[in-house]
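Coordinate analysis (summary)
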Amino acid sequence: MRRAGGDRVLVASVGALAALWCLAVTTVAGPTDGAAVLVEVAASAILTTTAALAPAGGPRRTIGLLAAWATATALADSVWLLTSGSPAVAYAHGQYEPAASVALFLLRYPVGALALALAAAGHPDRRLGPAPLSRTLAAVQVTASAAALVVLGTPIGGFIADSRPYSLFLTFDVLLAAAAVAVALRLGATRPSRATALAVLALCGGDGAMLVALLEDSAVAAGTSYTCSLAGVTACVVVQLSTRRADVRGAALPPVPPERPASRLVVRVLTRLVLPVGVLVVSVHRLGTEDALPAVHLGLVAVALGLALLDALGQLARAETDEAAAAAAVRDELTGAWSRRGLTRQAALRPAPRAAGPPRTWALLVLDLDGFKAVNDVHGHAAGDVVLRVVVQRVADVVGDRGAVARLGGDEFVVLLHDELADVPARLVEAVSQDVELPGGTRCAVSTSVGAVEFDAAGWDGDLQDLLAVADRRMYRDKRGDPDGTGEVACAGAR
């Protein structure tokens, strides 16, 4: 029943917008006159009503922002038309917007930017956050740099540097259109996201066509403007209202990252590096000539280079974050010992066995603390953390540079010894059993049970699982005071 209601809203909205387009192309005689304002007011009313009836979440937000764009446009043109007292307003007649109209026109661009930011979240019901914005920044940086090069090197640059209000509008149109293209082409963008981006792109294109209509006093350009804008908005409304919510279970699954060929990586590096450099070179060259850069061009250059700098800083911050995350993944945060992943990596980085002489014998030891629970119960978990850090340091002192120390979790530790066992287990027991001084001068003591297994490193494939199983069983025998049975072999080469 709810779905049928949504379909009726969709049909009614599309029908109303189509009728509005017919009105626009048949009755609008000039760029800005009473009929044009009537079309804009009707568009605002239709989109506002559609947003109120749309499903909560992404569709309602997106259509509401499109309605806000149409409302700001209708108000700006209404103020302009009422202030001028003319039945038709055009730049060709030397008429320019009053300050209130300029302010209302400028208000549309933050609305469009917000719509793109929401679309960049990648899902119609996902909240806006730093992650999707960060992913979109690179694409926006590339398209903004391309837009700046177009403005600097083509006749379009002269068109938007006229020191009149439309110069400011066209500047924002170019930047917002560049951002819309970036969102639409972003890898992994959803269908509603692309529809929103294309709607914003159509609104910017329609705004540019309207400026041509104002300059040339052209009804054809005005009709093109309304056609472009209404087509993009209508397509977006259709997609937003016809897209069903994804299954929650399916949405919870992470997407499979697509394969990226080397050519794609080369293109990304070139565009993100060459385009900003090109903007810088062209703008510096222009500054050194008599054809100085207008303020609008300087603003575009500043935006393009600023985005490039911001993107570079973002890449640096992400690299540092990734490095910290990678370090945290292989190191235990509390004690500084290797994690299970780090121990596996250390096993994979083992030196090659010697070509001559007897097989190189290594050992794996599992240690489990005895009496550690009592420390936590009596002195608190902060004291237990101190004990764990001290134990790791003492084990590391015994092992030295002959192996790696890892904490698997809780009070269980593993030593991968690049040497024979010899007296290492006894030395570990002695070192761990010494008293530990806690903050405040209190002293406590723990002991350890050790299970060890030696193996032939020359024939070892680096797999720790079987070795850990053998050493773990022997550690529990030691804990029970029954160290016999060390001849059991559960993996190749272990003894």
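Numbering of residues begins from 1 in every chain and follows the order in which that chain's sequence is written. Reporting in this predicted model follows two pLDDT cut-offs: at least 70 for local features of residues, and 80 or more for side-chain atom pairs to be given and counted; totals over whole chains, interfaces and linings ignore these cut-offs and use all residues. Heavy atoms from the whole structure form the basis of all side-chain values; hydrogens and water molecules are not counted.

**Details of the overall build of the protein**
- Helical segments are the DSSP runs of H or I of at least four residues, strand segments are the runs of E of at least two, and each set is numbered from the N terminus. From N to C terminus, the protein includes 17 helices and eight strands.
- By the convention used here, residues are in contact when the closest approach between their heavy atoms is within 4.5 Å. Partitioning the contacts of the protein with sequence separation of at least 6, the portion at a separation of at least 24 is 71%.
- Note that accessible areas follow from Shrake-Rupley with a 1.4 Å probe, and for residues the cover is restricted to the protein chains shown. Carbon and sulfur atoms make up 63% of the accessible area of the protein, which amounts to about 24,400 Å² in all.

**Considering the side chain of Asp368**
- Within the element layout of this structure, Asp368 appears in strand S3 (residues 361–370).
- Owing to a relative accessible area of 11%, Asp368 belongs among the buried residues under this scheme.
- With sequence-adjacent residues up to four places away left out, Asp368 is seen in contact with Asp411, Glu412, Ser447, Thr448, Ser449, Met475 and Lys479. Throughout, exposure labels follow a simple rule: accessible area from a 1.4 Å probe, protein chains only, divided by the maximum for the residue type, with under 20% read as buried, over 50% as exposed, and the rest as partly exposed.

**With respect to the pairing of S3**
- Of all 10 residues in S3, nine are buried, a share of seventy percent or more.
- At least two DSSP bridges between two strands are required for those strands to pair. The sheet contact formed by S3 and strand S8 (residues 447–456) spans 10 bridges and is antiparallel. For Asp370, the partnering residue across the bridge sits in S8 and is Ser447.
- Pairing of S3 with strand S5 (residues 412–417) involves six bridges; the strand directions are antiparallel. Looking across to S5, one finds that Ala363 is bridged to Leu417.

**Quick word on the sheet that holds strand S4 (residues 403–409)**
- Overall, antiparallel pairing links the four strands, which are arranged S4-S5-S3-S8 in an open sheet. Two strands in the sheet have a free side with no partner beyond their single neighbour: S4 and S8. Averaged over all pairs of adjacent strands, the angle between their axes in this sheet comes to 20°, without regard to strand direction.
- Helix axes are fitted to C-alpha atoms over the stretch in contact, other axes to C-alpha atoms as well, and angles between N-to-C directions run from 0 to 180 degrees. Contacting S3, S5 and S8, helix H16 (residues 424–432) runs over the sheet at an angle of about 160° to S8.

**Here's the deal with the packing of helix H15 (residues 381–399) against H16**
- One can describe the packing of H15 onto H16 by two numbers: an axis separation of 9 Å at closest approach and a directional angle of 145°. Like other packed secondary-structure pairs, H15 and H16 cross with a definite hand, here right-handed. Note on element contacts: H16 touches H15 through Arg427, Leu428, Ala431 and Val432, opposite Val391, Arg394, Val395 and Val398.
- All amino acids are sorted into three groups, where Ala, Val, Leu, Ile, Met, Phe, Trp, Tyr, Cys and Pro are nonpolar, Asp, Glu, Lys and Arg are charged, and the leftover types, Gly among them, are polar. Of the residues belonging to the contact of H15 with H16, the class tally is six nonpolar, no polar and two charged. By convention, the crossing between two helices is left-handed when the near helix turns anticlockwise from the far helix through less than a right angle, and right-handed when the turn is clockwise.

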